[in-house]
There are 2 protein chains.
Amino acid sequence: MNYPEKNPISQQLFHSKRSTVKRVPKRGSYERELIYQILDEGFICYVSFVADGQPFVIPTAYGRVEDKLYIHGSPASRMLRALQTGIEVCVCVTLVDGLVLARSAFHHSLNYRSIVIFGTATIVKEEEDKLAALKAFCDHIIPDRWQATRPPNPHELKGTLVLSLPLNEASAKVRTGAPIDDEKDYEIPVWAGVIPLTITPGEPISDPRLSPDISVPAHVRDYVSK
Amino acid sequence: MNYPEKNPISQQLFHSKRSTVKRVPKRGSYERELIYQILDEGFICYVSFVADGQPFVIPTAYGRVEDKLYIHGSPASRMLRALQTGIEVCVCVTLVDGLVLARSAFHHSLNYRSIVIFGTATIVKEEEDKLAALKAFCDHIIPDRWQATRPPNPHELKGTLVLSLPLNEASAKVRTGAPIDDEKDYEIPVWAGVIPLTITPGEPISDPRLSPDISVPAHVRDYVSK
């Protein structure tokens, strides 16, 4: 796959046949900013690859730094061992925003924001880059966490394989708003509309082994109350 | 792949090399009941397949009836056109239950419940089975919805391709509970614990074209207030 060489962080991501939204193309987008927003709001990405002719899809946490998506894990991970050989990978992140209840069963749907990324991953070898990726994982779970924690020691750094996937070729697909029924169905006396869904953080549960004189810090309080 | 022939709906799902949880195997399970629970609670499944040597992962809604997972869409869908040829498919559903904040950056994690299914899909041809699958989609979005809606007409039925994936070979992976730090890190004075995450339905938003004398029905009220 040859990507456009100039201006690699362009506003619009590259898309080819494989990454073009075909079903309901008006819902498709290649806007970098939208793709970053969706990535930054999700928690889990779904990594698809082929090993021995068999497709696999594995859920995993991730981090983003500018135009790179990072995934990580044990060097013994089947997924990471396969990906580090440079095989094609396809990664999806989806946020579910609402249940779309139409008058007809046929037009029921979900409101969602989704992205699919294509490319090949490479191992992050430089310690500085690896630490930046690990900071991104930590701060992706909850903002400002990294600075509060014990940083990785040499043993942990060695025991963590970090892969980088460039955000070159990707597409977003977004559905928003009310159900869209067939024109003649609008007179059917059935409630139709949207039930919004949001992910809500609950009260923080302290580790049972936490010393009682350690209180919930600002970065956790802020997250829960936002 | 040869599955055990007897007792196809056994309590434990079949698992082979590809479907065995290898990383942190104590988090793995092949319990049918757990796998059904996770499927029934999720909204989106991630369908992975290979087309022209390229892995794809596509998010899509789904329904379950007993030991079958149904996906559906337009007969023009790239995914459905590929899957109906009987190629291998791998499907993942993940629920994120919490943010796990450890004392060390290294031990940060998510609490989650995840399943990965392997198999091949077949087209649902019989009208009765197809209607049962479409009912499952509708009632999976929100329970008891199907009975309230206009059922599919012959044109819609013809325009919907439904594929069935048997729940024969699958694994679950679950992480629950507090962070697990290295023993010597427990004395670090950093707050550690879990922030639970739940998906919360908001107030139903009526379709702008809804007649003002149609009120929110019980199945929507119940869902939102539960």
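Reading guide: rules and limits
Residue positions are given per chain, counted from 1 along the sequence in the order it is written. For naming, the first written chain is A and the first written ligand is 1, with later ones following in the order written. In keeping with the predicted nature of the model, local features appear solely for residues at pLDDT of at least 70, side-chain atom pairs appear and are counted solely at 80 or more, and the whole-chain, interface and lining totals rest on all residues. The way it works is that DSSP assigns letters per residue, a run of H or I at least four long becomes a helix, a run of E at least two long becomes a strand, and they are numbered from the N terminus. Exposure classification rests on a simple neighbour count of other C-beta atoms within 10 Å of a residue's own: a residue reaching 20 or more is buried, one at 12 or fewer is exposed, and one in between is partly exposed. C-beta atoms are placed from the backbone. The contact criterion used here is simple: two residues whose C-beta atoms, placed from the backbone, lie within 7 Å are in contact. Gly falls in the polar group here, along with every residue not listed as nonpolar (Ala, Val, Leu, Ile, Met, Phe, Trp, Tyr, Cys, Pro) or charged (Asp, Glu, Lys, Arg). For two strands to be treated as a pair, DSSP must find at least two bridges joining them. What sets the superposition is a least-squares fit of C-alpha atoms, and only residues with pLDDT of at least 70 in both copies go into it. Fitted lines through C-alpha atoms give the axes, limited to the stretch in contact for helices. The angle between two N-to-C directions lies from 0 to 180 degrees.

**Re the overall build of chain A**
Then step 1. Assigned secondary structure in chain A consists of five helices and 12 strands.
Then step 2. Along the first, second and third principal axes, the C-alpha set of chain A runs to 65 × 55 × 35 Å.
Then step 3. Scored against the burial criterion, the 226 residues of chain A give a buried share of 41%.
Then step 4. Residue pairs in contact within chain A that sit at least 24 positions apart in sequence constitute 72% of those at least 6 positions apart.

**Focus on the interface of chain A and chain B**
Then step 1. The partner chain B presents 79 residues to the 79 residues of chain A that form the contact.
Then step 2. Mapped by element, the contributors of at least two residues to the side of chain A that touches chain B are β2 (44–51), β3 (54–61), β6 (88–101), β7 (109–120), α3 (127–141), β11 (193–201), β12 (205–206) and α5 (218–225) of chain A.
Then step 3. Looking at the side of chain A that touches chain B, the element that brings in the most residues is β11 of chain A, giving nine residues.
Then step 4. Of the residues in the side of chain A that touches chain B, the class split is 52 nonpolar, 15 polar and 12 charged.
Then step 5. Relative to strand β11 (residues 193–201) of chain B, β11 of chain A runs antiparallel, the two sharing five bridges. In the strand pairing of β11 of chain B, threonine 198 of chain A is matched with threonine 200 of chain B.

**What about the relation of the copies chain A and chain B?**
Then step 1. Superposing chain A onto chain B takes a rotation of 180 degrees combined with a translation of 0.0 Å along the rotation axis, leaving an RMSD of 0.0 Å. On this basis, the relationship between the two copies can be described by a two-fold rotation axis. The position closest to the rotation axis in chain A is occupied by the C-alpha of isoleucine 199 of chain A, lying 2.2 Å away.
Then step 2. When the interface residues of chain A are mapped onto chain B, 100% of them again fall at the interface, so both copies present the same face.

**Some remarks on the sheet that holds strand β8 (residues 122–123) of chain B**
All names here are of chain B.
Then step 1. On the basis of which strands lie adjacent, the open sheet formed by four strands has the order β4-β5-β9-β8 and antiparallel pairing. Because the sheet does not close on itself, it has two edges, and the strands there are β4 (63–65) and β8.
Then step 2. Pairing of β4 with strand β5 (residues 68–73), which is carried by three bridges, proceeds in the antiparallel orientation. Counterpart to arginine 64 in the pairing with β5 is leucine 69.

**Structural notes on the environment of valine 50 of chain A**
Then step 1. Here valine 50 of chain A is to be found in strand β2.
Then step 2. In this structure the C-alpha to C-alpha distance between valine 50 of chain A and alanine 82 of chain A, which are 32 residues apart in sequence, comes to 8.2 Å.
Then step 3. Discounting residues that sit within four places of it in the chain, valine 50 of chain A has contacts with Pro55 and Ile87 of chain A together with Val50 and Pro55 of chain B.

**Overview of the sheet that holds strand β5 (residues 68–73) of chain A**
One key point about sheets: their strands pair by backbone hydrogen bonds, in either a parallel or an antiparallel sense.
Residue and element names in this part refer to chain A.
Then step 1. Strand order in the open sheet made by the four strands is β4-β5-β9-β8, with antiparallel pairing throughout. Looking at the sheet topology across the chains shown, the edges are occupied by β4 (63–65) and β8 (122–123).
Then step 2. Strand direction decides the pairing type here: β5 and strand β9 (residues 161–166), joined by six bridges, are antiparallel. Residue pairing in the sheet places lysine 68 in a bridge with proline 166 of β9.
Then step 3. Sheet contacts for α3: β4, β5 and β9; angle to β4, the most-contacted strand, approximately 125 degrees.

**Details of the pairing of β7 of chain A**
Residues and elements named next belong to chain A.
Then step 1. Judged by how many residues are buried, β7 sits mostly within the fold: 10 of 12 residues are covered.
Then step 2. Pairing of β6 with β7 involves 12 bridges; the strand directions are antiparallel. By the bridge assignment, valine 89 is partnered in β7 with glycine 119.
Then step 3. Bridging between β7 and strand β10 (residues 169–175) involves seven bridges; their strand directions are antiparallel. Bridge pairing in β10 links isoleucine 117 to alanine 170.

**Considering unusual backbone geometry**
Glycine aside, negative phi is the norm for most residues, and most peptide bonds take the trans geometry.
Then step 1. Of note, the phi angle at aspartate 144 of chain A is positive, near 65 degrees, even though the residue is not glycine.
Then step 2. Turning to its location among the elements, aspartate 144 of chain A is positioned in the loop between α3 and α4 (154–158).
Then step 3. Its identity is not glycine, yet glutamate 66 of chain B carries a phi of approximately 50 degrees, on the positive side.
Then step 4. For glutamate 66 of chain B, a count of 9 C-beta atoms within 10 Å gives the class exposed.

Nothing here speaks to function; it is geometry throughout.
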